[in-house]
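Structure assessment
As a plain string of letters, each chain reads:
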Amino acid sequence: MMLKRLLPPLVVVVLLGALFAFGLLRGAPDRDIESALLGRPAPAFELPLYERYQPDFGTVLTSADLQGKALVVNFWASWCLPCYQEAPVLQAYWQEYQDADVVFVGIQTQDRDRLNEGRAFLSQFGLSFPNGIDNDSSISVDWGLYGVPETFFVDRDGRVIHKHAGPVTAELMDAKLRELLN
Amino acid sequence: MRRFVPLLLLLLAGLALAQQVQLEARVFEIARQLRCPSCVSESVADSNSPISQQMRVLIQEQLEQGRSEEEIFAYFQGRYGDWIMLDPPKRGIHLVAWLLPVIVAVLALATVALLVRRWLANSRKPIEATPEELERVRRQLGAAGAQPDPAPGTDGDI
């Protein structure tokens with residue numbers, strides 16, 4: 001009798017507990033949301049470059065300059081620790097792939113007017129692919145950026161095929177570059 | 001006539017200021033409905049992150065171009081998907097979020113109404129008891145009257 005009366009509230013409590021545990025364990029759902037850009041043309045951009053890239057790439061890098069090439073577009077900030085983690089990986093893959101039909105583009109964001117910090121970051125890792133600053137975050141909004149680091153993979157037809165939130169890994173770069181260049 | 005020039009200028013400046021204030025109020029009204037992409041549970045109006053600041057600039061620019069609220073929302077939804085809206089859109093799976101509270105409220109009210117009806121009906125029902133039961137109650141009431149603090153166990157059988 002007692003058990004029969006307690007059963008319905010008990011079931012409700014267990015179900016709520018399970019829902020709570022699910023909510024706790026599923027991680028940050030906001031960050032796992034797929035980009036709205038997937039499969040769509042990558043947004044156009046005009047990126048003012050840091051001085052060290054200007055001899056090779058000009059003062060401003062535009063998406064029009066890069067037409068027909070696959071792109072790896074990496075958003076970073078000087079205060080972002082995972083960005084320090086992934087920078088050597090990006091540089092290593094750039095060195096390996098720079099003669100292929102792909103261009104890496106680094107975009108410093110959420111870092112308004114911190115040009116010196118940006119320069120220090122670029123020299124620390126000797127990043128040789130073009131990097132510039134999105135000072136007013138306009139490129140970031142166009143690309144639907146949530147946080148840093150985020151990396152977008154754009155195929156040679158100019159379509160976004162993948163977005164990765166968090167530091168890139170060698171496995172990811174291998175897989176996605178293969179996909180981009182095949 | 002020349003005396004009125006400063007007055008006129010002041011009036012124009014006042015009008016321009018009022019328009020600016022109105023525009024800013026509209027920017028924040030729209031920004032309040034958008035989610036800050038780089039924050040946790042904060043609106044674009046509440047956040048001072050660079051991306052939110054830029055989103056407010058974009059809202060203002062688009063309002064100045066005469067775009068409607070819906071067009072501005074569509075602009076951000078095109079980049080961030082429905083996630084960018086703090087209120088889930090009223091369509092598809094998102095309808096669950098809108099309808100569920102109403103459904104739960106209706107069910108809860110119906111349950112309470114049903115229970116109240118049942119309680120009222122029960123309270124109006126004449127008491128049916130066999131002569132033995134009546135005798136037992138009478139005995140126990142008598143015992144309770146004589147002995148204000150009944151021993152445990154004697155009151156559990158009714």
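Quick caveat: nothing in here was measured; it's all calculated off a predicted structure.

The rules behind each value
- Residues numbered from 1 in each chain as written.
- Chains lettered and ligands numbered in written order.
- Predicted model: local features only at pLDDT ≥ 70, side-chain atom pairs only at ≥ 80, totals over all residues.
- Heavy atoms only, no water.
- Helix = DSSP H or I, 4+ residues; strand = E, 2+ residues; numbered from the N terminus.
- Rg over C-alpha atoms; globule rule 2.2 N^0.38 Å.
- Buried < 20%, exposed > 50% of the residue type's maximum accessible area, 1.4 Å probe, protein only.
- Contact = heavy atoms within 4.5 Å.
- Phe/Tyr/Trp six-rings, centres within 6.5 Å; stacked < 30°, edge-to-face > 60°.
- Lys NZ or Arg CZ within 6 Å of the ring centre and 35° of its normal.
- Domains from an automatic or database assignment.
- Buried area = accessible area lost by both parts, 1.4 Å probe.
- Salt bridge = Lys/Arg side-chain N within 4 Å of Asp/Glu carboxyl O.
- Polar contact = N/O pair within 3.5 Å; in protein donor to acceptor, adjacent residues only side chain to side chain.
- Nonpolar A, V, L, I, M, F, W, Y, C, P; charged D, E, K, R; others polar.
- Pairing = 2+ DSSP bridges.

Looking now at the overall build of chain A. Scanning chain A from N- to C-terminus turns up 6 helices and 7 strands. Element order for chain A, N to C, with α for helix and β for strand: α-β-α-β-β-α-β-α-β-α-β-β-α. A globule of 182 residues ought to have a C-alpha radius of gyration of about 16 Å, yet chain A, at 21 Å, is considerably larger. Structurally, chain A occupies a C-alpha span of about 85 × 40 × 25 Å along its principal axes. Out of the 182 residues belonging to chain A, those deemed buried represent 42%. In chain A, 75% of the contacts between residues at least 6 apart in sequence involve partners at least 24 apart.

What follows concerns the packing of aromatic side chains. Applying the stated criterion across every chain, the model contains 15 aromatic pairs over all chains. Here A:Trp143 and A:Phe152 contribute two aromatic rings whose centre-to-centre distance is 5.1 Å and whose plane-to-plane angle is 70 degrees, an arrangement assigned as edge-to-face. The pair formed by A:Trp143 and A:Phe152 is uniform in burial state, with each residue classed as buried. Here the aromatic cluster, defined as three or more aromatic residues joined through ring pairs, consists of A:Phe45, A:Phe75, A:Trp143 and A:Phe152. Stacked on the ring of B:Trp83, the Lys or Arg B:Arg35 has its end atom at 5.0 Å from the ring centre. Directly above the ring of B:Trp98 sits B:Lys90, whose terminal nitrogen or CZ lies 4.4 Å from the centroid.

It is worth spelling out unusual backbone geometry at this point. Of note, the amide linkage connecting A:Val148 to A:Pro149 takes the cis form, showing an omega dihedral of -10 degrees. With respect to the helices and strands, A:Pro149 occurs in the loop between helix 5 (138-142) and strand 6 (150-154). The backbone of A:Gln110 sits at a positive phi, close to 50 degrees, despite the residue not being glycine. Looking at where A:Gln110 falls in the secondary structure, it is placed in the loop between strand 4 (102-108) and helix 4 (115-125). One non-glycine residue, B:Ser41, adopts positive backbone phi at about 50 degrees. Inspection of the secondary structure assignment puts B:Ser41 in the loop between helix 1 (4-31) and helix 2 (50-64).

Moving on, we come to the domain arrangement of chain B. Interfaces are often sized by the accessible area lost when the parts come together. You can read the domains of chain B as domain 1 (4-87) and domain 2 (94-146). Computed from C-alpha coordinates alone, the two centres of domain 1 of chain B and domain 2 of chain B are separated by 56 Å.

Every contact between the two is made by 17 residues of chain B and, on the other side, 17 residues of chain A. Across the chain B/chain A interface, buried area totals approximately 1500 Å², and carbon plus sulfur atoms make up 54% of it. Of all residues in chain B, the largest losses of buried area upon contact with chain A belong to B:Arg79, B:Tyr80 and B:Trp83, amounting jointly to 37% of the total for that side. Here B:Arg79 ties to A:Asp142 by a salt bridge, and the two come within 3.0 Å at their closest N and O atoms. Counting the contacts that link chain B with chain A gives 6 residue pairs in polar contact (both at pLDDT 80 or more). Within the residue set of the side of chain B that touches chain A, elements represented by two or more residues are helix 2 and helix 3 (69-80) of chain B. Within the side of chain B that touches chain A, the residues separate by chemical class into 10 nonpolar, 6 polar and 1 charged.

Our next topic: the environment of A:Ala42. Residues and elements named next belong to chain A. With respect to the helices and strands, Ala42 occurs in the loop between helix 1 (2-25) and strand 1 (46-48). For Ala42 and Asp142, which are 100 residues apart along the polypeptide, the C-alpha to C-alpha distance reads 9.1 Å. Filtering out sequence-adjacent residues up to four positions away, Ala42 remains in contact with Trp143, Val154, Gly158, Arg159 and Val160.

Residue and element names in this part refer to chain A. In terms of burial, strand 6 is largely enclosed, as 5 of its 5 residues are buried. Of the two faces of strand 6, the one holding Glu150, Phe152 and Val154 and the one holding Thr151 and Phe153 are both buried throughout. Two strands pair when backbone bridges link them, and strand 3 (residues 70-76) and strand 6 are joined in this way by 5 bridges, in the antiparallel orientation. When the sheet's bridge partners are listed, Val73 is paired in strand 6 with Phe152. Pairing between strand 6 and strand 7 (residues 160-165): 5 bridges, direction antiparallel. For Phe153, the partnering residue across the bridge sits in strand 7 and is His162.

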